[in-house]
Amino acid sequence: MKLYPILFVIGSILSFYSCSDKSAYRSDAFQIYPDKVIQGSFEAGAKSPVEMYSTYKSDFRAPVAKKIDFKFSINGGDNERYPGEDHHAVLVPRDEKMISLLYKFGAPDPAGAADAPAGGSPYLEKDVNFTVRADMRHVLSDFEKQGYFVTATGRKIMKTDFKGVFIAGNTPPLSWEFDGLGQRKESELHDPDGDGIYEIILHFKQFREADTPQDDTLHWELHEDISAYPSYSSPQVLVDALYNKALEEMVQDIREDGAFMAGKKWPGVWTRDISYSILLSLAMINPGAARKSLMAKVKNDRIIQDTGTGGSWPVSTDRMTWAMAAWEVYKVTGDGEWLEYIWRVIGNSAADDLETAFNPQTGLFYGESSFLDWREQTYPEWMDPKDIYQSHSLGTNAVHYETYRILARMAAMLGEDASIYEKTAALVKNAINEKLWSGKDHYYGQYLYGRNYLSLSSRSETLGETLCTLFEIAGPERRDMIFRNVPVTDYGPPCVYPQTPGIPPYHNDAVWPFVAAYWTWAAARAGNEKAVEYGLASIYRAAALFMTNKENLVASTGDYMGTEINSDRQLWSVAGNLATVYRVFFGMKFKPDSLRFEPFIPESYGGKKHLSNFSYRQAKLDITVEGFGSGVSEFLLDGKRLQRPAIPGDLSGKHTIRIRMNREHKTQSEIRLVENRFAPETPRVSRDGSGLHWQKCNNTTHYLIFKNGNFLKETTDTLFTISDIPECAEYQVMAVGGDGAESFLSEPIPFTPERSVILLDASQGQKAVMQTGERPGKDDYLELTRRQNTRMEFMVEIDKSGAYSLDCYYANGSGPINTNNRCAIRTVLIDGKRIGKIIMAQRGTDKWDDWGYSNSLHCRLSAGKHTISLVFSDSDINMNGEVNTARLKHLRLSCL
């Protein structure tokens, strides 16, 4: 163990022995005390600020699925393909042997790799040994021919650096933990006969269980040197120990290149992970690593959207979290060169988003819910990537709003015109409050969704709710409503509520500690003491019992086992734990020219809190907060009383700050603690002649019928007859449970007269502007690439003036639905006037025969002839930059 300053140790010992038995939080599920956590028969506690124990033991036991996901690795790095592009296999005998098909390194699965035999259980009936084979012949050939191999992601691996082939995966004994993979011999494949085909025999157990120490006790002592970071002490020794544990895990999450990794299992730097972490706390204690991490997510002076549905951007548009983090680094450091750099990067990225991801008709940005990037976890099954693109989600729009506020502030500081940014910010804020606020629920809905007509989902989305509070989108009255009405469950605020049935926990039925940290920070801003106590308890319980800052936990059980993927020392969970001290107890609020203190101390966490060795620009601060409350009664800088609890940005040298709290809180703070609840399943609706038909949904009392996004009728039947067929309309059905929980709306069913739909064959556009001289083949489609068919024009004659919807029938097999960056984008003009973007998202790796419609664009057309142009422009460049490909069969014009 490292040696620590004597005063720190003495203060810590005094804090430890001053702990009382009075609980800081108590519920039926668990209790938090100044020195320990109690949950049933389990206990976790702090022996000192640098030593902890836990008796927690997960009782998780679940059958293992026969289908497994895995990935090969050279030298132990995550370098075979892009994140999410995994291999798949089924643990069943092939030719009476448990030997896999041959998987080529860097290539998609061989045909039939994930095909399971008909019938039988999807789970293992017994333990099995399974041989996995990797074809490395092309890799070894390139090593010999040119001395290196270039991976599918463009990374060059030198022959001289080749150490071996390894395997990672989702089912034990496999793990997605790439950190240290190259040193784990049990994960290494071998090629004993030298034919270039590597093999490994893996033992899969019938049941998956939690690993626990043999003595059933987890133990932690501080080993990393954290003396360069601020030291913290308080009467709550448990918090002190968790703070030091978080600092140690932060140090362990710094890569060799000086950037932050996402967690123990995730060595990469991901835009949203790093950005949310930096904003929570990392900017203020390690701005150098924060800056290094942010710069790793920039390409061509634009922010990288590295993960997301349907080929990344613009289906996912929350890369602008980078702007919030970069601005926070500037406010912490005051670095003028950094300000000019991020002004350029954020400005370029925002300009692209305004072109491609902004809907001027709604005043909102398109795109997937921020951080909730596993489509099936938080969206209805019928929504594919194009549906997700044209949705308007709460958290993502809050991020865009804050981005334009930041741009306006930077513009003013740099002498640039801020008006366009101020105008856009105002548009987005007003639209969020007008279109995403649920008057019946008294909080914001998760998103607007649908196809030609959008409806508000009544589900709450915790991160988005908190961002609306922190960014002052919600006014004081709505801010208070949010924390009184958003449903929260025993073990923390769930990502969304209610849950979706049949979907395993990850974002669904899950609590993420970093989301709980944003909840707690925002609750302090809102002045809700009960919400702050609840948020702190959620974070501290999990970190203490699990003895690490886990990525997530199951909302229903509070256990870290049972989610789809989990990791120790997850960076944003680490940052969230630290934020409880910096953002809540000390209330640090950084401004471009000052540091303001707005502490919020629940009475149960009262007493003297001391933070020393805190660096702020050119100053070194020793800070003490005394008492409890939501307001500052006295603020002393070097013994001198100041009128405002703030220090200037040009302060330098060593200084002491003493803050005395007002010992007061709002008397009516409350939260809505509920049982974790699952919504009814989403109705599967089909057209039945002149009406709609659907199967009865379980746990449902009645159904609601919607027409064009508006409520039409309530019924207990599963059949609905439509009387006015000639009218152009869309219909949807919602199931409602006995407890009032609502399902998602069903997939929209269009009722459009045949004469009101016009199909424009792709060959018509090609004839107008031939790019390659090629004619459509027998499959009757045109190839759209960055260089081929870059401008297509279609002539159409409209019989009747009115509103129309335009979309494209396309295929894009450039990547999987859930990741990669090859979404195809094109600009649409009608009679030379730009009307929007057509988004042809990825539909599956090499699935060029999987056809579907793009997003729809709305326009008004007069009777007569019109020219529709489909153009590849500079603003259509995606995150990949080079591959921007789709196959086009036709355009479709439909009446609205």
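These numbers were taken from a predicted model, which means no experiment stands behind them.

Asker: I'm lost on the state of the cysteines in this one. Help?
Answerer: Joining two cysteines, a disulfide is a covalent bond between their sulfur atoms. For the coordinates displayed, the defined rule picks out one disulfide. The disulfide bridge from Cys-728 ends at Cys-895, spanning 1.6 Å between sulfur atoms. Note on the Cys-728 and Cys-895 pair: the S-S dihedral is about -90°, so by sign convention the disulfide is left-handed. Taken together, the residues Cys-728 in the loop between β46 (719–721) and β47 (729–736) and Cys-895 in strand β58 (residues 886–895) connect sequence positions 167 residues apart. Given the relative accessible area of 14%, Cys-895 is considered buried. Between Cys-468, a free cysteine, and Cys-495, which holds the nearest cysteine sulfur, the sulfur-to-sulfur gap is 16 Å.

Asker: Please clarify how the sheet that holds strand β5 (residues 51–54) should be interpreted in this entry.
Answerer: Sheet strands associate in pairs through backbone hydrogen bonding, adopting either a parallel or an antiparallel arrangement. Spatial ordering of the open sheet is given by β1-β2-β3-β4-β5-β17, a layout of six strands whose pairing is antiparallel. Because the sheet does not close on itself, it has two edges, and the strands there are β1 (25–26) and β17 (218–221). Relative to strand β3 (residues 36–39), strand β2 (residues 31–32) runs antiparallel, the two being bridged by two bridges. By the bridge assignment for β3, Gln-31 is matched with Ile-38. Of the strands in this sheet, β1, β2, β3, β4 (42–48), β5 and β17 touch helix α15 (residues 529–546), which is tilted by about 90° from β3.

Asker: I keep staring at the packing of helix α3 (residues 237–252) against α15 and nothing clicks. Help me out?
Answerer: The packing of two helices is summarised by the inter-axis angle and the distance between the axes. The geometry of α3 relative to α15 is characterised by a closest axis approach of 11 Å and an angle of 70° between their N-to-C directions. Classified by the angle their axes make, α3 and α15 are roughly perpendicular. Note on packing geometry: the crossing formed by α3 with α15 is left-handed. Facing Leu-238, Val-239 and Leu-242 of α3, the residues of α15 in contact are Tyr-540, Ala-543 and Ala-544.

Asker: Can you walk me through unusual backbone geometry in this structure?
Answerer: Excluding glycine, residues mostly have negative phi values, and the peptide bonds linking residues are mostly trans. Pro-173 follows Pro-172 through a cis peptide bond whose omega is 15°. Of note, the bond from Tyr-497 into Pro-498 is cis; its omega dihedral lies within 30 degrees of zero at -5°. Not every positive phi belongs to a glycine, and Asp-301 is a case in point at roughly 60°. Within the secondary structure layout, Asp-301 lies in the loop between β19 (298–299) and β20 (302–303). Assessed through its relative accessible area of 27%, Asp-301 is described here as partly exposed. For His-442, which is not a glycine, the phi torsion comes out positive at approximately 65°. Along the polypeptide, His-442 turns up in the loop between β24 (437–438) and β25 (443–444). Looking at His-442, the relative accessible area reads 33%, which means it is partly exposed.

Conventions adopted
- Residues numbered from 1 in each chain as written.
- Predicted model: local features only at pLDDT ≥ 70, side-chain atom pairs only at ≥ 80, totals over all residues.
- Heavy atoms only, no water.
- Disulfide = S-S within 2.5 Å.
- Helix = DSSP H or I, 4+ residues; strand = E, 2+ residues; numbered from the N terminus.
- Buried < 20%, exposed > 50% of the residue type's maximum accessible area, 1.4 Å probe, protein only.
- Pairing = 2+ DSSP bridges.
- Contact = heavy atoms within 4.5 Å.
- Axes fitted to C-alpha atoms, helices over the stretch in contact; angles between N-to-C directions.
- Parallel < 35°, antiparallel > 145°, perpendicular 65-115°, else oblique.
- Left-handed = near helix turned anticlockwise from the far one by under 90°.

Purely geometric numbers; function is a separate question.
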